[in-house]
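Structural description and commentary
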Amino acid sequence: MNAAVFAFEETQAQARALAACLDIASHDVCVRSFPDGESLVRVPSAARTALLFRSLDHPNAKLVEILLAASALRDGGAERVMLVAPYLAYMRQDMAFHPGEAVSQRVIGNLIAAHFDGLVTVDPHLHRIADLGEVIRGIDVLSLSAAPALAKAIEQGLREDTILVGPDIESRPWVESIAKPLGLEVLVGEKQRFGDRQVRLVLPHAGRARGRPAILVDDIISSGTTLLACAGLLRDAGATSVEAIATHCLASAADLAHLTANGIDRIRTSDTVPGSVAEISIAETLAGAIRGQGWIG
Ligand code: R5P
């Protein structure tokens with residue numbers, strides 16, 4: 001077999017959707033956890049090109065297991081093992097902010113480069129580095145944007161006076177690339193973070209949202225604190241409704257419930273991380289890039 005997708009249990013549906021778009025087989029990777037916490041990974045018959053599919057939210061055990069799976073695939077005859085990680089972890093810690101801290105981005109980047117022949121991911125959370133190829137060196141790296149898929153999702157039933165709102169400067173690329181094809185007005189806030197769940201946000205020109213529906217756009221919903229603060233400002237400014245759309249949702253069910261109980265009418269994200277709000281399939285985006293790069297021959 002030339003190429004196949006290999007899927008861990010929690011993202012089987014997303015992996016199968018990708019395999020269907022690429023018109024190749026999808027196989028399940030089996031993981032058994034021992035009582036002492038170690039993992040045993042088993043892969044079915046390998047393919048010449050193996051696309052190992054796993055999103056790296058809650059990454060610590062998953063990272064070990066993808067290394068074990070990559071090794072098993074090579075032992076089974078794979079000539080190339082490509083990691084399909086729609087969500088890529090550890091990209092935020094790109095420097096030692098305090099003495100003694102590890103630069104996690106560099107460590108994890110080197111680990112992936114050492115064990116895989118290629119990586120495809122979506123909207124990696126990079127701050128001071130523009131190109132993911134600077135972090136993961138020497139292998140084929142595809143860094144994709146979910147913005148076109150998110151724009152397509154909000155297009156249906158969209159009111160033309162809708163205003164798109166980025167809560168902070170980092171969200172500007174996403175909010176602008178979604179607003180442009182839809183011809184929507186944009187507002188971008190300014191955020192200061194004081195802790196995991198403590199932010200101060202200002203939204204210049206918030207009055208522009210009065211009497212209009214607003215859609216918040218961000219790359220990641222983590223605790224939801226950023227969206228909550230911004231939704232409050234939009235409600236105070238007189239927005240008629242507030243929805244949120246993002247690439248990745250890492251938030252817990254309790255945090256999502258808190259958001260919807262406190263001023264956010266609807267939350268939608270891409271399915272880079274499976275979950276209750278992951279409504280927007282990213283399979284076509286991944287498949288187009290993988291095909292375009294010639295990974296599956
Ligand atoms: C910040 O740079 C990101 O774009 C997100 O705004 C942030 O990661 C969201 O985190 P939280 O949901 O915890 O506020």
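Residues numbered from 1 in each chain as written. Predicted model: local features only at pLDDT ≥ 70, side-chain atom pairs only at ≥ 80, totals over all residues. Heavy atoms only, no water.

Digging into the packing of helix H1 (residues 12–22) against helix H8 (residues 283–292)
Applicable threshold: Axis angles are defined between N-to-C directions and span 0 to 180 degrees, where every axis is a line fitted to C-alpha atoms and, for a helix, only to the segment in contact. Under the scheme used here, helices are H or I runs from DSSP no shorter than 4 residues and strands are E runs no shorter than 2 residues, and both carry numbers assigned from the N terminus. In what follows, roughly perpendicular refers to angles from 65 to 115 degrees, roughly parallel to angles under 35, roughly antiparallel to angles over 145, and oblique to any angle outside these ranges. Note on convention: the crossing is left-handed when the near helix lies turned anticlockwise from the far helix by less than a right angle, right-handed when the turn is clockwise. Here, two residues are considered to be in contact whenever any of their heavy atoms come within 4.5 Å of each other. Each residue is assigned to one of three groups, with Ala, Val, Leu, Ile, Met, Phe, Trp, Tyr, Cys and Pro labelled nonpolar, Asp, Glu, Lys and Arg labelled charged, and all others, Gly among them, labelled polar.
In contact at an axis separation of 9 Å, H1 and H8 are set at 50° when each is read in the N-to-C sense. On the basis of the axis angle, H1 is oblique to H8. The chirality of how H1 crosses H8 is right-handed. Within the contact between the two elements, H1 uses Ala17, Leu18, Cys21 and Leu22 and H8 uses Ala283, Glu284, Leu286, Ala287, Ile290 and Arg291. Residues belonging to the contact of H1 with H8 are distributed by class as follows: 8 nonpolar, no polar and 2 charged.

A few points about the site of the ligand
Heads up, the rule is: The rule for a residue being near a molecule or strand is that one of its heavy atoms must lie within 4 Å of it. For the purposes of these results, a polar contact is taken to be a pair of N or O atoms within 3.5 Å, where, inside protein, one atom must be able to donate a hydrogen and its partner to accept one; residues adjacent in sequence count only when each atom of the pair is a side-chain atom. Surface exposure here means Shrake-Rupley accessible area, sampled with a 1.4 Å probe, where a residue is shielded only by the protein chains that are shown.
Around the ligand there are 16 residues in total, and Asp218, Asp219, Ser223, Gly224 and Thr226 lie nearest to it. The contact in question runs from an oxygen atom of the ligand to an N or O atom on the side chain of Glu170, over 3.4 Å. A distance of 2.5 Å is found between an oxygen atom of the ligand and a side-chain nitrogen or oxygen belonging to Thr226. A total of 380 Å² of accessible area belongs to the ligand in isolation, and the protein chains cover 93% of it. Those elements that place two or more of their residues in the shell around the ligand are strand E11 (190–195), strand E13 (213–221) and helix H6 (225–237). The greatest single-element share of the shell around the ligand, amounting to 4 residues, is contributed by E13. By residue class, the composition of the shell around the ligand is 2 nonpolar, 7 polar and 7 charged.

What to know about the nonpolar core
For clarity, the threshold we go by: In plain words, nonpolar cores are sets of buried Ala, Val, Leu, Ile, Met, Phe, Trp, Tyr and Cys residues tied together by side-chain atoms within 4.5 Å. Each residue's exposure class comes from its accessible area (1.4 Å probe, protein chains only) as a fraction of the maximum for that residue type: buried when under 20%, exposed when over 50%, partly exposed otherwise.
Judged by nonpolar contacts, the single largest core of 42 residues is most densely connected at Leu18, Leu51, Leu164, Ile178, Leu286 and Ile290. In terms of residue count, helix H4 (residues 147–155) provides more of this core than any other element does, 6 residues in total. When residues no more than four places from it in sequence are discounted, the contact partners of Leu18 are Val5, Phe53, Val84, Ala283, Leu286, Ala287 and Ile290. With 36 residues, the next largest nonpolar core counts Ala50, Leu63, Leu67 and Leu83 among its residues.

Side note on the sheet that holds strand E15 (residues 266–270)
Filter applied, for reference: By definition, two strands form a pair when at least two bridges between them are found by DSSP.
Read from one edge to the other, the open sheet built from 6 strands follows the order E10-E9-E13-E14-E15-E16, with strand pairing classed as parallel. At either margin of the open sheet sits one strand with a lone partner, and together these are strand E10 (185–188) and strand E16 (278–280). Between one strand axis and the next, the sheet turns by 35° as a mean value, whatever way the strands run. Contacts between H6 and the sheet are confined to strand E9 (163–166), E13 and strand E14 (241–249), with E13 contributing the most and set at about 165° to the helix.

Examining the side chain of His125
Its location among the elements puts His125 in the loop between strand E7 (118–122) and strand E8 (140–144). Taking the relative accessible area as the measure of exposure, His125 reaches 13% and is therefore buried. A polar contact of 2.5 Å, which involves the side chain of His125, links it to the side chain of Asp219.

Thoughts on the packing of aromatic side chains
Defined as follows: We call Phe, Tyr and Trp rings a pair once their centres come within 6.5 Å, taking the six-membered ring for Trp, and we label the pair stacked below 30 degrees between planes, edge-to-face above 60, and tilted otherwise. A ring has a charge above it when a Lys NZ or an Arg CZ is no more than 6 Å from the ring centre and no more than 35 degrees off the ring normal.
Counting across every chain of the model gives 0 aromatic pairs. When the ring centre of Phe8 is taken as reference, the NZ or CZ atom of Arg54 above it lies at 3.8 Å.

Observations concerning the environment of Leu201
Residue placement: Leu201 occurs in strand E12 (residues 198–202). Under the relative-accessibility criterion, Leu201 is labelled buried at 10%. Considering only alpha carbons, one finds Leu201 and Gly189, 12 residues apart in sequence, at a separation of 6.7 Å. Leave out the neighbours within four places in its chain, and Leu201 touches Pro167, Gly189, Glu190, Lys191, Thr226, Ala229, Cys230 and Leu233.

Let's talk about the pattern of salt bridges
A side chain with one charge may pair with a side chain of the opposite charge, provided their charged atoms come close. This is how the line gets drawn: Think of a salt bridge as a Lys or Arg side-chain nitrogen and an Asp or Glu carboxyl oxygen that are within 4 Å of each other.
Following the criterion strictly, the structure yields 16 salt bridges and no others. Overlapping salt bridges bring together Glu10, Arg54, Asp57, Lys62 and Glu65 as one network.

A few points about the environment of Ile112
Mapped onto the elements of the fold, Ile112 is located in helix H3 (residues 104–115). Beyond its immediate sequence surroundings of up to four residues, Ile112 is in contact with Leu83, Leu88, Ile136 and Ile139.

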